[in-house]
Amino acid sequence: MKALKATRLLSVAGVTAAAVLIPVAAAAPASAATGYSGCKTWVGMHGYTVGPKVSGACANKALKTPLGDWYGNPFCITGLIKAGVDQTIANGACARAH
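In this report, the structure presented in the accompanying data block is examined. Since the structure is predicted, the reported quantities are computational estimates derived from the model, not experimental observations.

Observations concerning helix α3 (residues 74-82)
At step 1: Of the residues making up α3, those classed as buried are Cys76, Ile77 and Leu80. Each buried residue of α3 lies within a common arc of 95° when the element is viewed along its axis, so the set occupies one face. Turned more than 90 degrees off the buried face of α3, the exposed positions are Phe75 and Lys82.
At step 2: Of the residues flanking the start of α3, the one acting as N-cap is Asn73, its side-chain oxygen 2.9 Å from the backbone nitrogen of Phe75.
At step 3: Just past α3, the residue Gly84 takes up positive phi, approximately 100°.

What to know about the nonpolar core
At step 1: Core analysis: the largest hydrophobic core is formed by 14 residues, its most contacted members being Cys39, Val43, Leu80 and Val85.
At step 2: Elements supplying a minimum of two residues to this core: α1 (2-45), α2 (52-58), α3 and α4 (87-95).
At step 3: The residues touching Cys39, leaving out its near neighbours within four places in the chain, are Cys58, Cys76, Leu80, Ala93, Cys94, Arg96 and Ala97.

Observations concerning α4
At step 1: When we look at burial in α4, the residues that qualify are Ile89, Ala90, Gly92, Ala93, Cys94 and Ala95.
At step 2: Residue Asp86 occupies the N-cap position of α4, its side-chain oxygen lying 3.1 Å from the main-chain nitrogen of Thr88.

Focus: the packing of aromatic side chains
At step 1: In the structure shown here, the tally under the stated rule is zero aromatic pairs.
At step 2: Over the aromatic face of Trp42 sits the side chain of Arg96, whose NZ or CZ is 3.5 Å from the ring centroid.

Description of the side chain of Ser55
At step 1: Following the sequence through the fold, Ser55 ends up in helix α2.
At step 2: In contact with Ser55, other than residues within four places in its own chain, are Tyr36, Lys40 and Val50.

Some remarks on the state of the cysteines
At step 1: Tallying each qualifying case throughout the model produces two disulfides.
At step 2: Disulfide pairing is shown between Cys39 and Cys58; the S-S distance is 2.0 Å. On the sign convention where negative is left-handed, the bridge of Cys39 and Cys58, at about -65° about the S-S bond, is left-handed. With Cys39 in helix α1 and Cys58 in helix α2, the pair connects residues that are 19 residues apart, well separated along the chain.
At step 3: A sulfur-sulfur distance of 2.0 Å marks the disulfide that ties Cys76 to Cys94. Looking along the S-S bond of the Cys76-Cys94 disulfide, the torsion reads about -85°, which is the left-handed sense. Remark: Cys94 occurs in helix α4 and Cys76 occurs in helix α3; sequence separation between them is 18 residues.

Analysis parameters
- Residues numbered from 1 in each chain as written.
- Predicted model: local features only at pLDDT ≥ 70, side-chain atom pairs only at ≥ 80, totals over all residues.
- Heavy atoms only, no water.
- Buried < 20%, exposed > 50% of the residue type's maximum accessible area, 1.4 Å probe, protein only.
- Helix = DSSP H or I, 4+ residues; strand = E, 2+ residues; numbered from the N terminus.
- Arc of directions from axis to C-beta.
- Polar contact = N/O pair within 3.5 Å; in protein donor to acceptor, adjacent residues only side chain to side chain.
- Core = buried A, V, L, I, M, F, W, Y, C linked by side-chain atoms within 4.5 Å.
- Contact = heavy atoms within 4.5 Å.
- Phe/Tyr/Trp six-rings, centres within 6.5 Å; stacked < 30°, edge-to-face > 60°.
- Lys NZ or Arg CZ within 6 Å of the ring centre and 35° of its normal.
- Disulfide = S-S within 2.5 Å.

As structure tokens, then:
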């Protein structure tokens, strides 16, 4: 009887752990994709073609100041400028890559 209760308890614990961990694991890639696509979307909204060079530049995540503000990664900004994007648009796009 004790073995049956222990088995049930472990089953419930396993299901509970899975219910908690699966959404957390699924959320991590989604938030990463949001920043990356936010940068590409910003560039595209301003009339630029979003190709491999823009995608590569936008993959460089934005940097956060100690006060919590976001600013564009220099590698992102220079990559977008080399791809032909105006510097002002590049700054805005790269600040959204977080």
